[in-house]
Amino acid sequence: MKTVYIFCVTYHSYDYLQRFLRSAEAAAARTQGLCQVCVCVGDNTPRDFRPIDAAPYQAIRVRVFPYHENLGYLGCALKMMNEVGWGEVSASDYVAVSNVDLTLDPDFFQVLCSLDGRGLGWLAPDVYTPRFQEHDNPYMMQRPTRRAFLKWRLLYACGWLNGLLERLYLLRRSRRTVPAHAVDIYAGHGSLMVLTGAFMGLHPGLRFPSFMYAEELFLAELMRRDGLAVRYEPRLRAENVGRVSTSLHGRGWLCRQNRRSLSVMERMFWQG
């Protein structure tokens, strides 16, 4: 039997969380007991939080971690992993980090458990965002150069410029051709990252050295150092709403957090 852990994070997004859990329940039920799925929910909501009911689910096990403080996306997921226990996490076949404003395809776990994960560190699903007409993956095909960081500084220089450049970026991405078959890439999109237990076992007690954003670069660089493949797998599918939580903060906040995290990644992996 394959084992899958999902560490998802909610921040003022309870209605979307229930949709996400129902989609995971339906997908797990289709495996007919051949895949054991545990969904760990980290609640980053600091105020006006609600109780999260784990009882209605039968095909999945749901554990709730009511932190009620904003620990960031990957920071919250990694804290849950440490509380579950790194040995248990790394012993599983797959360890997913996910937003809750998406839904898993009904055959998600059937496909996942049919894949050969040897030599892999990260599976990037086909995550489609209808309102942008965009496939989030493949996110990055090749490792960025130092020049890319100059481009990103411009992209996140200020809120109004970010809004303008992002519209142009989304228009270009919506027109691109998405690979029909699995292909190795540099990094997947952060909305749903399916990591392998083998990768997690190499990094017990892993910590993200920033607060929000650039998680994809951080994990991709660790994969590169470990010699593990990052693979876009179009048979793994999910549908994304996107930016439900981050939109609460406005573009100025988004730009500041991106600049900080990108500076940390550049210092860690692109200097020397």
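Since the model is a prediction, treat every value here as computed from it, not as a measurement. (Residues numbered from 1 in each chain as written. Predicted model: local features only at pLDDT ≥ 70, side-chain atom pairs only at ≥ 80, totals over all residues. Heavy atoms only, no water.)

J.: Got a minute to help me understand the overall build of the chain in this structure?
T.: Looking only at helices and strands, one finds nine helices and 10 strands in the chain. Taken across its 272 residues, the chain has 53% of its residues classed as buried. The contacts of the chain with a sequence gap of at least 6 include a subset with a gap of at least 24, amounting to 84%. As displayed, the chain has an accessible area near 12700 Å², and 51% of this comes from carbon and sulfur atoms. (Helix = DSSP H or I, 4+ residues; strand = E, 2+ residues; numbered from the N terminus. Buried < 20%, exposed > 50% of the residue type's maximum accessible area, 1.4 Å probe, protein only. Contact = heavy atoms within 4.5 Å. Areas by Shrake-Rupley, 256 points an atom, 1.4 Å probe, with all protein chains shown as cover.)

J.: Before we go on, may I ask you to explain the nonpolar core in this structure?
T.: Nonpolar side chains in soluble globular proteins tend to end up buried together. Of all hydrophobic cores here, the largest spans 56 residues; its most connected members are Phe7, Met81, Trp122, Trp152, Leu217, Phe218 and Met265. Formed by 37 residues, the second largest nonpolar core is a distinct cluster that contains Val111, Cys113, Val194 and Ala238. (Core = buried A, V, L, I, M, F, W, Y, C linked by side-chain atoms within 4.5 Å.)

J.: When you look at the pairing of strand 4 (residues 94–99) in this model, what are you seeing that I'm missing?
T.: Residues in a regular strand project their side chains so that they alternate between the two faces of the sheet. Within strand 4, five of the six residues are buried, which leaves it mostly tucked inside the rest of the structure. Note: strand 1 (residues 2–10) against strand 4, six bridges, orientation parallel. Within strand 4, the residue paired with Tyr5 across the bridge is Val95. Direction of pairing for strand 4 relative to strand 9 (residues 192–196): antiparallel, over a ladder of five bridges. Within strand 9, the position partnered with Ala96 by the bridge is Val194. (Pairing = 2+ DSSP bridges.)

J.: How should I be thinking about the packing of aromatic side chains in this particular structure?
T.: By convention here, two paired aromatic rings are described through the distance between centres and the angle between planes. This model, assessed by the stated rule, comprises 10 aromatic pairs. Ring geometry for Phe211 versus Trp253: centroids 6.5 Å apart, planes at 90°, classification edge-to-face. Within this pair, whereas Phe211 is found in the loop between helix 7 (197–201) and helix 8 (215–226), its partner Trp253 is found in helix 9 (residues 250–269), the two being separated by 42 residues in sequence. Judged by its relative accessible area of 25%, Phe211 falls in the partly exposed class. With a centroid separation of 6.3 Å and 90° between ring planes, the pair formed by Phe269 and Trp270 is classed as edge-to-face. Take Trp270: its relative accessible area is 6%, and that puts it in the buried class. Positioned above the aromatic ring of Tyr67, the side-chain terminus of Lys79 is 4.6 Å from the ring centre. (Phe/Tyr/Trp six-rings, centres within 6.5 Å; stacked < 30°, edge-to-face > 60°. Lys NZ or Arg CZ within 6 Å of the ring centre and 35° of its normal.)

J.: Before we go on, may I ask you to explain unusual backbone geometry in this structure?
T.: Excluding glycine, residues mostly have negative phi values, and the peptide bonds linking residues are mostly trans. With an omega dihedral of -5°, the bond running from Asn137 to Pro138 counts as a cis peptide bond. Of note, Pro138 is situated in the loop between strand 7 (134–135) and helix 5 (146–155). A positive phi angle is found at Tyr213, which is not glycine, with a value near 80°. Position of Tyr213 relative to the elements: it lies in the loop between helix 7 and helix 8.

J.: I'm lost on the pattern of salt bridges in this one. Help?
T.: What the rule picks out here adds up to 10 salt bridges. Where Glu221 meets Arg143, a salt bridge forms, and the shortest distance between an N and an O atom there is 2.8 Å. Taken as a pair, Glu221 in helix 8 and Arg143 in the loop between strand 7 and helix 5 lie far apart in primary sequence, 78 residues in all. Owing to a relative accessible area of 30%, Arg143 belongs among the partly exposed residues under this scheme. Here Arg146 and Glu266 are joined by a salt bridge, their closest N and O atoms 3.3 Å apart. (Salt bridge = Lys/Arg side-chain N within 4 Å of Asp/Glu carboxyl O.)

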